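Structure at a glance
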Amino acid sequence: MRIEPVTHDQAGIGRMSIAKTWHGDLDGEGVGTMLSAGDPTSGAAGYVAVETVEGGLGGRHGSFAFQQLGVMYDGTQELRYQVVPGSGAGELTGITGTLELEIVGGEHRYVLTYSLDC
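The following paragraphs examine the structure supplied in this document. Keep in mind it's a predicted model, so treat the numbers as computed, not measured.

The next point concerns the layout of surface pockets. Reported here for the largest pocket is a volume of approximately 950 Å³. M34, Y47, L79, I103 and H108 are, among the 35 residues lining the largest pocket, the residues nearest its centre. Looking at the lining of the largest pocket, the elements with two or more residues in it are β3 (14-22), β4 (26-39), β5 (44-57), β6 (60-73), β7 (76-83), β9 (95-104) and β10 (107-116). With six residues, β3 is the largest single contributor of residues to the lining of the largest pocket.

Structure follows, in C-alpha coordinates:
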(Lines give C-alpha, C1' and ligand atoms only; values in the text may rest on other atoms or scores of the structure.)
Protein backbone atom coordinates (compact mmCIF):
# COMPACT_ATOMS: atom_id res chain seq x y z
CA MET A 1 0.00 0.00 0.00
CA ARG A 2 1.29 3.47 -0.86
CA ILE A 3 0.02 6.53 1.02
CA GLU A 4 0.94 10.08 0.09
CA PRO A 5 1.80 12.56 2.84
CA VAL A 6 -1.16 14.02 4.68
CA THR A 7 -2.08 17.62 3.99
CA HIS A 8 -4.32 19.48 6.48
CA ASP A 9 -6.78 22.25 5.77
CA GLN A 10 -7.64 25.12 8.11
CA ALA A 11 -10.21 22.99 9.96
CA GLY A 12 -7.61 20.31 10.73
CA ILE A 13 -9.00 17.80 8.24
CA GLY A 14 -6.27 15.68 6.73
CA ARG A 15 -6.41 14.51 3.12
CA MET A 16 -4.26 11.87 1.45
CA SER A 17 -4.19 9.72 -1.65
CA ILE A 18 -3.87 5.95 -1.29
CA ALA A 19 -2.82 3.21 -3.71
CA LYS A 20 -3.09 -0.51 -2.98
CA THR A 21 -2.36 -3.81 -4.63
CA TRP A 22 -4.85 -6.54 -3.74
CA HIS A 23 -3.88 -10.24 -3.89
CA GLY A 24 -6.05 -13.30 -3.38
CA ASP A 25 -9.52 -13.95 -4.80
CA LEU A 26 -9.57 -10.17 -5.36
CA ASP A 27 -6.53 -9.45 -7.51
CA GLY A 28 -6.11 -5.89 -8.72
CA GLU A 29 -5.12 -2.29 -8.09
CA GLY A 30 -6.93 0.21 -5.90
CA VAL A 31 -6.67 4.00 -5.74
CA GLY A 32 -8.54 6.40 -3.51
CA THR A 33 -8.76 9.39 -1.25
CA MET A 34 -8.88 9.43 2.54
CA LEU A 35 -10.08 12.25 4.82
CA SER A 36 -9.14 12.16 8.50
CA ALA A 37 -9.50 14.17 11.69
CA GLY A 38 -8.41 13.85 15.30
CA ASP A 39 -5.05 12.81 16.73
CA PRO A 40 -4.07 9.21 15.91
CA THR A 41 -0.90 9.49 18.01
CA SER A 42 -3.10 9.94 21.10
CA GLY A 43 -5.42 7.12 20.00
CA ALA A 44 -8.44 9.29 19.16
CA ALA A 45 -9.16 9.84 15.47
CA GLY A 46 -11.39 8.93 12.57
CA TYR A 47 -11.29 8.67 8.81
CA VAL A 48 -13.45 8.08 5.78
CA ALA A 49 -12.20 6.92 2.39
CA VAL A 50 -13.41 5.95 -1.05
CA GLU A 51 -11.29 3.57 -3.10
CA THR A 52 -11.88 2.24 -6.61
CA VAL A 53 -10.53 -1.21 -7.42
CA GLU A 54 -9.93 -2.62 -10.89
CA GLY A 55 -9.03 -6.23 -11.47
CA GLY A 56 -10.25 -9.77 -11.16
CA LEU A 57 -12.63 -11.25 -8.60
CA GLY A 58 -13.84 -14.84 -8.63
CA GLY A 59 -12.86 -15.32 -12.28
CA ARG A 60 -14.55 -12.10 -13.44
CA HIS A 61 -12.93 -8.81 -14.45
CA GLY A 62 -14.15 -5.30 -13.82
CA SER A 63 -14.15 -2.56 -11.23
CA PHE A 64 -16.04 -1.33 -8.19
CA ALA A 65 -15.59 1.03 -5.24
CA PHE A 66 -15.19 0.53 -1.50
CA GLN A 67 -16.27 3.05 1.11
CA GLN A 68 -14.41 2.91 4.42
CA LEU A 69 -15.09 4.22 7.91
CA GLY A 70 -12.45 3.98 10.61
CA VAL A 71 -12.63 5.17 14.23
CA MET A 72 -10.16 4.79 17.10
CA TYR A 73 -10.96 5.83 20.64
CA ASP A 74 -9.97 4.84 24.15
CA GLY A 75 -7.82 1.89 23.04
CA THR A 76 -10.41 0.44 20.66
CA GLN A 77 -10.57 0.49 16.90
CA GLU A 78 -13.45 -0.02 14.47
CA LEU A 79 -13.07 -0.39 10.72
CA ARG A 80 -15.89 -0.88 8.20
CA TYR A 81 -15.53 -1.55 4.49
CA GLN A 82 -18.53 -1.77 2.19
CA VAL A 83 -18.85 -2.12 -1.57
CA VAL A 84 -20.49 1.07 -2.82
CA PRO A 85 -23.90 0.18 -4.28
CA GLY A 86 -24.08 0.84 -8.03
CA SER A 87 -20.29 1.14 -8.41
CA GLY A 88 -19.66 -2.18 -10.18
CA ALA A 89 -18.63 -2.15 -13.84
CA GLY A 90 -17.68 -4.75 -16.44
CA GLU A 91 -18.23 -8.30 -15.23
CA LEU A 92 -18.59 -6.93 -11.67
CA THR A 93 -21.73 -4.92 -12.43
CA GLY A 94 -24.25 -5.37 -9.62
CA ILE A 95 -21.69 -6.34 -6.97
CA THR A 96 -22.58 -5.81 -3.31
CA GLY A 97 -20.70 -6.81 -0.20
CA THR A 98 -18.52 -6.10 2.79
CA LEU A 99 -14.87 -6.59 3.61
CA GLU A 100 -13.34 -7.55 6.96
CA LEU A 101 -9.74 -6.48 7.46
CA GLU A 102 -7.36 -7.88 10.04
CA ILE A 103 -3.82 -6.63 10.61
CA VAL A 104 -1.53 -9.30 12.06
CA GLY A 105 2.15 -8.46 12.60
CA GLY A 106 1.89 -5.57 10.13
CA GLU A 107 0.40 -7.84 7.45
CA HIS A 108 -3.07 -6.97 6.13
CA ARG A 109 -5.46 -9.90 5.64
CA TYR A 110 -8.98 -9.60 4.33
CA VAL A 111 -12.18 -11.57 3.83
CA LEU A 112 -14.46 -10.16 1.12
CA THR A 113 -18.04 -11.37 1.29
CA TYR A 114 -19.90 -10.42 -1.88
CA SER A 115 -22.70 -11.29 -4.27
CA LEU A 116 -23.19 -10.48 -7.92
CA ASP A 117 -26.58 -9.83 -9.50
CA CYS A 118 -25.51 -10.47 -13.07
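Across all of its chains, the model carries two salt bridges by this definition. The shortest N-O distance in the salt bridge between E51 and K20 comes to 3.1 Å. With a gap of 31 residues between them, E51 in strand β5 and K20 in strand β3 connect regions that are remote in the sequence. Per residue, the accessibility class of E51 equals that of K20, and both read buried. The shortest N-O distance in the salt bridge between R109 and E107 comes to 3.2 Å.

What follows deals with the side chain of Q68. With respect to the helices and strands, Q68 occurs in strand β6. Taking relative accessible area as the criterion, Q68 reaches 5% and is therefore assigned buried. Side chain to side chain, Q68 and Y47 meet in a polar contact 3.2 Å long. Only 3.2 Å separates the side chain of Q68 from the side chain of E51, close enough to count as a polar contact. Contacts of Q68, omitting those with residues within four sequence positions, involve I18, K20, Y47, V48, A49, E51, R80 and Y81.

This part is about unusual backbone geometry. Its identity is not glycine, yet D74 carries a phi of approximately 50°, on the positive side. Mapped onto the elements, D74 comes out in the loop between β6 and β7. You can call D74 exposed: its relative accessible area is 65%.

This brings us to the side chain of E51. Look at E51 and you get buried, because its relative accessible area is 0%. At a separation of 3.1 Å, a polar atom in the side chain of E51 contacts the side chain of K20. Not counting the four nearest positions on each side in its chain, E51 is found in contact with K20, W22, G30, V31, G32, F64, A65, F66, Q68 and Y81.

On to the nonpolar core. With 12 residues, the main nonpolar core is built from W22, L26, V53, L57, F64, F66, Y81, V83, L92, I95, L99 and L112. At the level of secondary structure, the elements contributing two or more residues to this core comprise β5, β6, β7 and β9. In contact with L92, other than residues within four places in its own chain, are G55, L57, R60, H61, G62, S63, F64 and L116. In this structure, M16, I18, Y47 and A49 belong to the second largest nonpolar core, which totals five residues.

Before going further, it helps to examine the environment of G30. Mapped onto the elements of the fold, G30 is located in strand β4. Overall, G30 belongs to the buried group, its relative accessible area being 2%. Linking G30 and D74, residues 44 residues apart in sequence, is a C-alpha distance of 31 Å. Ignoring sequence-local partners within four residues, the contact set of G30 consists of I18, A19, K20, W22, E51, T52 and V53.

Conventions adopted
Residues numbered from 1 in each chain as written. Predicted model: local features only at pLDDT ≥ 70, side-chain atom pairs only at ≥ 80, totals over all residues. Heavy atoms only, no water. 1 Å grid on protein atoms, 1.4 Å probe; cavity = no way out; pocket = protein on both sides within 12 Å on 5 of 7 lines; lining within 4 Å. Points joined across faces, edges and corners; volume = space filled by probe spheres on them. Helix = DSSP H or I, 4+ residues; strand = E, 2+ residues; numbered from the N terminus. Salt bridge = Lys/Arg side-chain N within 4 Å of Asp/Glu carboxyl O. Buried < 20%, exposed > 50% of the residue type's maximum accessible area, 1.4 Å probe, protein only. Polar contact = N/O pair within 3.5 Å; in protein donor to acceptor, adjacent residues only side chain to side chain. Contact = heavy atoms within 4.5 Å. Core = buried A, V, L, I, M, F, W, Y, C linked by side-chain atoms within 4.5 Å.

Remember, this is a structural readout, not a statement about activity or role.
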